[in-house]
Amino acid sequence: MTTSLVVLVSGAGTNLQALIDACADPAYGAKIVAVGADRDDIEALARADRAGIPTFVKQVSQFASREQWDRALADTVAGFEPDLVVSAGFMKLLSEDFLARHTTVNTHPALCPSFPGMHGPADALAYGVKVTGATLFIVDGGVDSGPIIAQTVVPVLDDDTTETLHERIKLAERTMLVDTIGLMASEGWELDGRRVRLG
Ligand code: GAR
């Protein structure tokens, strides 16, 4: 059985592109049924269009409250009946109500629980760590605090800027995301407390 995915994005969509490319192989076991964004005119939506994947945009500013935005997003996602929602560079927190309706995973450009939030690479660089990386986790009500599914490690180099470090993280992050979503789709997964087991 193919695992259907809704992917949520806010920007360049290189993680989305990696998933689109992986899903082109039927043996991968997953299919992207829709791509949703919290803003218009982003490269991620163009990537989905080029791949022939339905898209939708829900901007917070279009709604009277954050709660209404979140409910509309959850309703629209539900219309595509995904098995899993993948937040891939989606720069909004999702409510407990959304998460109760949709099992959601998120990729974060740091080694959780270190450096949560919007500035993972910059915070890691400023702290002076020698390795950092990316984390795929099941989204809970907190900020990058959910059960960890996979992590990948990259070195921090002496001459790194936030940009060069983030690019190195993103290379590793895309491989981790594609490999792990593929494993979740083909072999299943289970949650035991905070521990996630694949297969
Ligand atoms: C990725 O590195 C992702 O982990 C990060 O934004 C980038 C999106 O890149 N997300 C966060 O920082 C969320 N806290 P992309 O749009 O090219 O996939």
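All values reported here derive from a predicted model rather than from experimental measurement.

A. The sheet that holds strand 4 (residues 84–87), seen in detail. The mixed open sheet is built from 7 strands, whose spatial order is 3-2-1-4-5-6-7. Of all strands in the sheet, those bounded by a partner on one side alone are strand 3 (55–57) and strand 7 (148–155). Within this sheet the neighbouring strands show an average axis-to-axis angle of 20°, counted without direction. Bridging between strand 1 (residues 3–9) and strand 2 (residues 30–37) involves 7 bridges; their strand directions are parallel. Note that in strand 2 the partner of Ser4 across the bridge is Lys31. In the packing of helix 1 (residues 14–23) onto the sheet, the strands contacted are strand 1, strand 2, strand 4 and strand 5 (104–108), and the crossing angle to strand 2 comes to about 155°. Along the sheet, helix 6 (residues 162–187) makes contact with strand 1, strand 2, strand 4, strand 5, strand 6 (131–138) and strand 7, crossing strand 7 at roughly 150°.

B. Main features of the site of the ligand. By nearness alone, 13 residues border the ligand, and Gly13, Thr14, His166, Lys170 and Glu173 come closest of all. Between an oxygen atom of the ligand and a main-chain N or O atom of Thr107, the distance comes to 3.2 Å. At a separation of 2.8 Å, an oxygen atom of the ligand approaches a polar side-chain atom of Lys170. Here the ligand loses 93% of its free accessible area of 450 Å² to cover by the protein chains. Elements that contribute at least two residues to the shell around the ligand include exactly helix 1, strand 5 and helix 6. Take the shell around the ligand: its biggest share by element is 3 residues, from helix 6. Counted by class, the shell around the ligand contains 3 nonpolar, 8 polar and 2 charged residues.

Rules behind the numbers
- Each chain carries its own residue numbering, running from 1 in the direction its sequence is written.
- pLDDT decides what is reported in this predicted model: residues at 70 or higher carry local features, side-chain atom pairs at 80 or more are listed and counted, and totals for whole chains, interfaces and linings draw on all residues regardless.
- To obtain the side-chain values, all non-hydrogen atoms of the structure were included, while hydrogens and water were left out.
- A pair of strands is labelled paired if DSSP reports no fewer than 2 bridges between them.
- Counting from the N terminus, the helices are DSSP H or I runs at least four residues long and the strands are E runs at least two residues long.
- Note on method: axes are straight lines fitted to C-alpha atoms, helices fitted across the in-contact stretch only, with angles between N-to-C directions ranging 0 to 180 degrees.
- Working rule for contacts: check all heavy atoms of both residues, and any pair within 4.5 Å makes them a contact.
- A molecule or strand has a residue near it when one of that residue's heavy atoms lies within 4 Å.
- Pairing of N or O atoms within 3.5 Å defines a polar contact, subject to two protein rules: one partner must be a possible hydrogen donor and the other a possible acceptor, and residues neighboring in sequence count only if both atoms are side-chain atoms.
- For accessible areas, the Shrake-Rupley method is used with a probe of radius 1.4 Å. Any residue's cover is judged against the shown protein chains and nothing else.
- Under the convention adopted here, Pro, Cys and the residues Ala, Val, Leu, Ile, Met, Phe, Trp and Tyr are nonpolar, Asp, Glu, Lys and Arg are charged, and Gly plus all remaining residues are polar.

So far we have only geometry, and geometry alone does not tell us how the molecule works.
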